[in-house]
Amino acid sequence: MAETAAAPKNVKFIITRQDAPESSPYTEEFELAYRPGMNVISALMEIQRNPVNASGDSTVPVCWDSNCLEEVCGACSMVINGKPRQACAALIDNLEQPVRIEPMKTFPVVRDLVIDRSRMFNALKRVKAWIPIDGTYDLGPGPRMAEKKRQWAYELSKCMTCGVCLEACPNVNEKTNFIGPAAISQVRLFNAHPTGEMNADDRLEALMEDGGIDGCGNSQNCVRACPKGIPLTTSIAEINKQTTKHMFKRWLGV
């Protein structure tokens, strides 16, 4: 007896959309045929290829950001079923349905799921999250870093500026100017670098200003949400210690 073909399985998506930064958000439902290995990005690509909603009406394709599709670039951050995460790593098989997709609310919405992460990038500029090297000529090998220090510093270097930790942090919102956990952790990373440490005091000074490290409420949401498992709360505790020492040295004129 011939086997009976299984009925096709569909996946329902409820997507929060916004036509422009000043527009009001609304939701639109889509229904797609299930495919093995399907993730949220592949679903959005399917909707883009054939923008027809669950009611059968043609609509404008959904806008979103993505790049590497390997959870490395951090571009495809969005809120999926109430949790900020990377859409490329969100497998449909592991998600409760209907799948609800929203833009991250910590950042201004440009359109649909596309957000403006200037707040995060400006925070990195504020703390000088880079290694200053003069000239374009070959400077030769740089100073060596102790292996023990290199190992934990490498964990901090995994940050992909995805913004998930800022979205998860209750202290980062439109009413505050808190710099956020990502920038604080990057201060720890660059202050530990043999060359970067020459600007360590400048970075600590930046975190001692309004909206700096004192804005952390120690909710620890950031470390739980980070897709790279970066020890953000450990960095915050360490930088809290460093800024306190720096403050006393400044008072004592050391």
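Please refer to the structure higher up on the page.
Residue numbers run consecutively from 1 along every chain, following the written order of its sequence. For this predicted model, a pLDDT threshold of at least 70 governs which residues receive local features, and a threshold of 80 or more governs which side-chain atom pairs are given and counted, while totals over whole chains, interfaces and linings are taken from all residues. The side-chain quantities take in all heavy atoms of the structure and omit both hydrogens and water.

**Student:** Looking at this structure, how should I read the pairing of strand β3 (residues 77-80)?
**Tutor:** Successive side chains on a regular strand alternate, one facing one side of the sheet and the next facing the other. Each residue gets one of three labels from its accessible area relative to the maximum for its type: buried under 20%, exposed over 50%, partly exposed in between, using a 1.4 Å probe on protein chains only. In DSSP terms, a helix is any run of H or I states spanning at least four residues, a strand is any run of E spanning at least two, and both are numbered starting from the N terminus. A two-sided burial pattern is seen for β3, the buried positions comprising S77 and V79 on one face and M78 and I80 on the other. Bridge count between β3 and strand β4 (residues 83-86): 4 bridges; the pairing is antiparallel. Counterpart to I80 in the pairing with β4 is K83. A pair of strands is labelled paired if DSSP reports no fewer than 2 bridges between them. If you look at the hairpin formed by β3 and β4, you'll find 2 residues sitting between the two strands, and N81 has a positive phi there, around 50°. In terms of strand pairing, β3 meets strand β5 (residues 99-102) through 2 bridges, oriented antiparallel. By the bridge assignment, V79 is partnered in β5 with E102.

**Student:** What's the story with the sheet that holds β4 in this structure? I'm lost.
**Tutor:** Strand pairing in a sheet relies on backbone hydrogen bonds. The paired strands run either parallel or antiparallel. With mixed pairing, the 5 strands of this open sheet are ordered in space as β2-β1-β5-β3-β4. What marks the edges here is a single partner per strand, and that holds for β2 (26-33) and β4. With strand direction ignored, the average angle separating the axes of adjacent strands in the sheet is 30°. Lines are fitted to the C-alpha atoms to define the axes, a helix being fitted only along its stretch in contact, and any angle between axes, read from their N-to-C directions, falls within 0 to 180 degrees.

**Student:** Would you mind showing me how to read a nonpolar patch on the surface here?
**Tutor:** A cluster of nonpolar side chains, namely F248, W251, L252 and V254, defines an oily patch on the protein surface of about 540 Å² accessible area. Its location among the elements puts W251 in helix α8 (residues 232-252). Under the relative-accessibility criterion, W251 is labelled exposed at 59%. Exposure above 30% relative accessible area and no salt bridge define the residues that can form patches, which grow by joining like charges within 9 Å and nonpolar side chains of Val, Leu, Ile, Met, Phe, Trp and Tyr within 5 Å. Accessible areas in this description were obtained via Shrake-Rupley with a 1.4 Å probe; residue shielding takes into account the shown protein chains only. Salt bridge, as used here, is a side-chain nitrogen of Lys or Arg placed within 4 Å of a carboxyl oxygen of Asp or Glu.

**Student:** Where do I start with the packing of helix α3 (residues 147-156) against helix α5 (residues 181-192) in this structure?
**Tutor:** Packed helices, taken two at a time, are described by the angle between their axes plus the distance between the axes. In the contact formed by α3 and α5, the axes pass within 9 Å of each other and the chain directions differ by 145°. The crossing of α3 and α5 is left-handed. Within the contact between the two elements, α3 uses K149, W152, A153 and L156 and α5 uses S185, Q186, R188, L189 and A192. In this count, Pro and Cys sit with the nonpolar residues alongside Ala, Val, Leu, Ile, Met, Phe, Trp and Tyr, while Asp, Glu, Lys and Arg are called charged and the others, Gly among them, polar. When the residues that make up the contact of α3 with α5 are grouped by side-chain class, the tally is 5 nonpolar, 2 polar and 2 charged. If you view the pair so one helix is near and one far, a crossing is left-handed when the near helix is turned anticlockwise from the far one by less than a right angle, and right-handed when it is turned clockwise. When checking whether two residues touch, look at their non-hydrogen atoms; a contact exists if any pair is within 4.5 Å.

**Student:** Please clarify how α8 should be interpreted in this entry.
**Tutor:** Note that an α-helix has 3.6 residues per turn; residues three or four places apart therefore point the same way. In this analysis, the expected span of each helix is defined as 1.5 Å times one less than the number of residues it contains. Here α8 contains 21 residues, and its C-alpha end-to-end distance of 30 Å stays within 8% of the 30 Å for a straight helix at 1.5 Å per residue. Taken together, the buried positions of α8 are occupied by L232, S235, I236, I239, T243 and H246. One side of α8 holds all its buried residues, which, seen down the axis, span an arc of 95°. Those residues of α8 that are exposed and aimed more than 90 degrees away from the buried face are K245, W251 and L252. Tucked into the core, α8 has its buried residues touching α3, α4 (164-168), α5, α6 (200-207) and α7 (221-225). Directions drawn from the helix axis to the C-beta atoms are what define this arc.

**Student:** Sorry if this is basic, but what is going on with the pattern of salt bridges here?
**Tutor:** A pair can form between side chains of opposite charge whenever their charged atoms are brought close. Under the criterion given, the structure shown has 10 salt bridges. The residue K128 makes a salt bridge to D202 at a minimum N-O spacing of 3.5 Å. Taken together, the positions of K128 in the loop between α2 (118-126) and α3 and D202 in helix α6 put the pair 74 residues apart, joining distant regions of the chain. For E238, the salt bridge is made with K241, and the minimal N-O distance between the two is 3.4 Å. Of this pair, E238 and K241 both sit in helix α8, separated by 3 residues, roughly a single helical turn. You can call K241 partly exposed: its relative accessible area is 42%.

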